[in-house]
Amino acid sequence: MRKASYIALAVVGCAALTLVAVLGTFASPNTLSRVRALGEFILYNTFNVFSKRWWAGSPEAVTAVLWDYRGLDTIFETTVLYAAVAGCVVLGYTSLLKRGRGRDEAGGGLTVVVKAATKILFALILITSVNVALHGYITPGGGFAGGSTFAIAPLLVIAAYSTEKVVRMGFRFLSSAVMRSAGLLALALVVLSPLIYYGFVLQNQLKPNSGFPGYPAFLGPLFLGGSLLYLNFAEFLVVGMEFVLVFLAFHFMDKLMGGEGSG
Amino acid sequence: MVSVAYVIYVASFITLACTAAVGVYGVLAKRNIIKKIIALTIVGDTANTFAILLGFRVSANVMPPVLPSLNPSKELLTRFAGAAVDPVPQALVITAIVINLAITAFLLFLAVRIYSLYGTLDYGKVIRVRRGELDGEG
C-alpha cells in the first residue's frame, strides 16, 4: 500500500513538472527553432567586436555567462562547494586525529599492466585538465570541467596503487588545502581588483560609468579573453584541489572504519 | 509536417520524465541510505539534462554556443545568434554538476558515519537501534 502511494506520488509529481515545461516549450514546433531572448542577446554580444558596450571578450558564450553575465551565481556556487567540502574534511580529519597517521603499505594494488597504464594515463589526464582549464575561454571547457578532470588522476592512482601512493606523490592533506586557499585568494583578487580603479565587482571589460578599463582581451597577437582566463585557472585550482581533499578525507575515514585503505 | 528532430526532442522529454519518476520513487521508497543517495543523483542528473534540453534549438543548422572565429563579421554574428543553442542553461548546469558532486560526497561521508555508529545503513534499523530495540553493530 505504501509502495503504491510512493509510485503514484513520483509519477504525478514528475508528470506535473513535465507538463509545465511542455506548455512553455511545445506551443508549436516553430518556436522550438528559437531560444529565449536573453540567450540570443548573450550570443549576439559575447564577442561583438563592432559594439563593445555589452561584450564579454570571449567567443565561448558559456564561459562568458559563467564568469561575466552571471558571475555572482558562480561566486556563490563556489561558496556552496567550499562549505560542502569543508564539512567532508572536518568529518575525515577528526577521524585522522583519533587514529593517528596511517601506516605505509608497501606493495599491494593492482597488477603491473594496470599500474603501467595508470602511469601513462596520469600524465595525460593532468595535461588534458590544464589544457581544458586554460582554453576555457576559447573552446568548450573551463575551470569546473578542468578541475573535475584533474580530480580523476589521483582517483585512478588510488584505485591502481593505494592512497599512500597518492600522498607520497605530493597530494598531501595540508598542501591540497593550501592550494585550494590560494585558488580562492586568486579568485577574490581578480574579482575585487577593479574596485581599486572605481570599477565594479566582477567587472571584466570596459563598462559605462566605470573607471576600470577592463582586463586586456588582446596582447599583441595573443588573445587573452579578459578576466575569464584568470578566473578559469583559479577555479581549476579550487575545484581540483577540493576533490583531492575529499578523496584524502574519505581515505582517513576509511581507516577509522578499519577498511583496507583503498579509498 | 513534423520533423524527425522534433519527434526525438519530445521523446527525450518523456524519457527524462520517466527517469525522474524512477529517481523520486527511489528517494521515497528505498530503505537503504546508499540506494537513496543513488536515486538522488539520478534525479539531479535528470534535472540537469532537462535544463540543457530546454535551451536546445530544434532546427537543421543548429550550432554549439562557441563563436567559430576570432575576427567575426557582422553577418557571422547575426547568423551565430540565430543558430546557436542557449548558453544560459549550460552555464547553470556546469555549476550544478559540481555542486551535485560535492553534496553527494558529503552525503556519502554522513552515510559512512551512520554505518560506523549504528552498524547498518537501513534507516528503519537505525531508528530501532536508537530506541534500544536492536543491538548496535548488528
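Residues numbered from 1 in each chain as written. Chains lettered and ligands numbered in written order. Predicted model: local features only at pLDDT ≥ 70, side-chain atom pairs only at ≥ 80, totals over all residues. Heavy atoms only, no water.

1. Some words on the overall build of chain B
When helices and strands are tallied, chain B shows five helices and zero strands. Scanning chain B from its N terminus toward the C terminus, one meets helices and strands in the order α-α-α-α-α. Relative to the 2.2 N^0.38 estimate, which gives 14 Å for 138 residues, the radius of gyration of chain B is 22 Å and therefore markedly larger than a compact globule would have. Taken over the C-alpha atoms alone, chain B extends approximately 75 × 40 × 15 Å along its principal axes. The proportion of buried residues among the 138 residues of chain B is 40%. Counting contacts in chain B only where the partners sit at least 6 residues apart, residues at least 24 apart contribute 53% of the total. Surface accessibility of chain B: about 7300 Å² in total, with carbon and sulfur atoms responsible for 67%. If you average the places of the 12 positive and of the 7 negative side-chain charges in chain B, the two averages end up 3 Å apart. (Helix = DSSP H or I, 4+ residues; strand = E, 2+ residues; numbered from the N terminus. Rg over C-alpha atoms; globule rule 2.2 N^0.38 Å. Buried < 20%, exposed > 50% of the residue type's maximum accessible area, 1.4 Å probe, protein only. Contact = heavy atoms within 4.5 Å. Areas by Shrake-Rupley, 256 points an atom, 1.4 Å probe, with all protein chains shown as cover. Lys, Arg positive; Asp, Glu negative; His and termini not counted. Charge placed at Lys NZ, Arg CZ, Asp CG, Glu CD.)

2. A word on the packing of aromatic side chains
All names here are of chain A. In total, this model carries 15 aromatic pairs over all chains according to the counting rule given. Seen from their ring centres, phenylalanine 150 and phenylalanine 236 are 5.7 Å apart, and the 80° between their planes marks the pair as edge-to-face. Of this pair, phenylalanine 150 sits in helix H6 (residues 143-160) while phenylalanine 236 is found in helix H9 (residues 228-256), placing the two residues 86 residues apart along the sequence. Taken together, the aromatic side chains of Phe47, Trp55, Tyr137, Phe218 and Phe223 make up a single cluster linked through ring pairs. Lying across the ring of tyrosine 161, lysine 165 places its NZ or CZ 4.9 Å from the centre. (Phe/Tyr/Trp six-rings, centres within 6.5 Å; stacked < 30°, edge-to-face > 60°. Lys NZ or Arg CZ within 6 Å of the ring centre and 35° of its normal.)

3. Focus on the domain arrangement of chain A
According to the domain assignment, chain A contains domain 1 (1-45) and domain 2 (58-256). Computed from C-alpha coordinates alone, the two centres of domain 1 of chain A and domain 2 of chain A are separated by 33 Å. (Domains from an automatic or database assignment.)

4. A short note on the state of the cysteines
Within this structure, the stated rule accounts for zero disulfides over all chains. Summary of cysteine pairing: Cys14(A) is not part of a disulfide, and the nearest cysteine sulfur, belonging to Cys18(B), is at 8.8 Å. What makes Cys14(A) buried here is its relative accessible area of 7%. The partly exposed category is assigned to Cys18(B), whose relative accessible area is 46%. (Disulfide = S-S within 2.5 Å.)

5. Some points on the pattern of salt bridges
Residues and elements named next belong to chain A. For the structure shown, the criterion picks out five salt bridges over all chains. A salt bridge links arginine 180 to glutamate 242, with the nearest nitrogen and oxygen atoms 3.1 Å apart. Remark: glutamate 242 occurs in helix H9 and arginine 180 occurs in helix H8 (residues 173-192); sequence separation between them is 62 residues. Glutamate 242 shares its class with arginine 180; the two are buried. (Salt bridge = Lys/Arg side-chain N within 4 Å of Asp/Glu carboxyl O.)

6. Section: the interface of chain A and chain B
Facing 63 residues of chain A, the contacting portion of chain B comprises 55 residues. At the boundary of chain A with chain B, the tally comes to one salt bridge. Measuring nitrogen to oxygen at the nearest pair gives 3.8 Å for the salt bridge that ties Glu40(A) to Arg57(B). Summed over the shared surface of chain A and chain B, the number is four residue pairs in polar contact (both at pLDDT 80 or more). Elements represented by at least two residues in the side of chain A that touches chain B include exactly helix H1 (2-25), helix H2 (37-45), helix H3 (61-69), helix H4 (71-99), H6 and H9 of chain A. The class makeup of the residues in the side of chain A that touches chain B is 41 nonpolar, 12 polar and 10 charged. (Polar contact = N/O pair within 3.5 Å; in protein donor to acceptor, adjacent residues only side chain to side chain. Nonpolar A, V, L, I, M, F, W, Y, C, P; charged D, E, K, R; others polar.)

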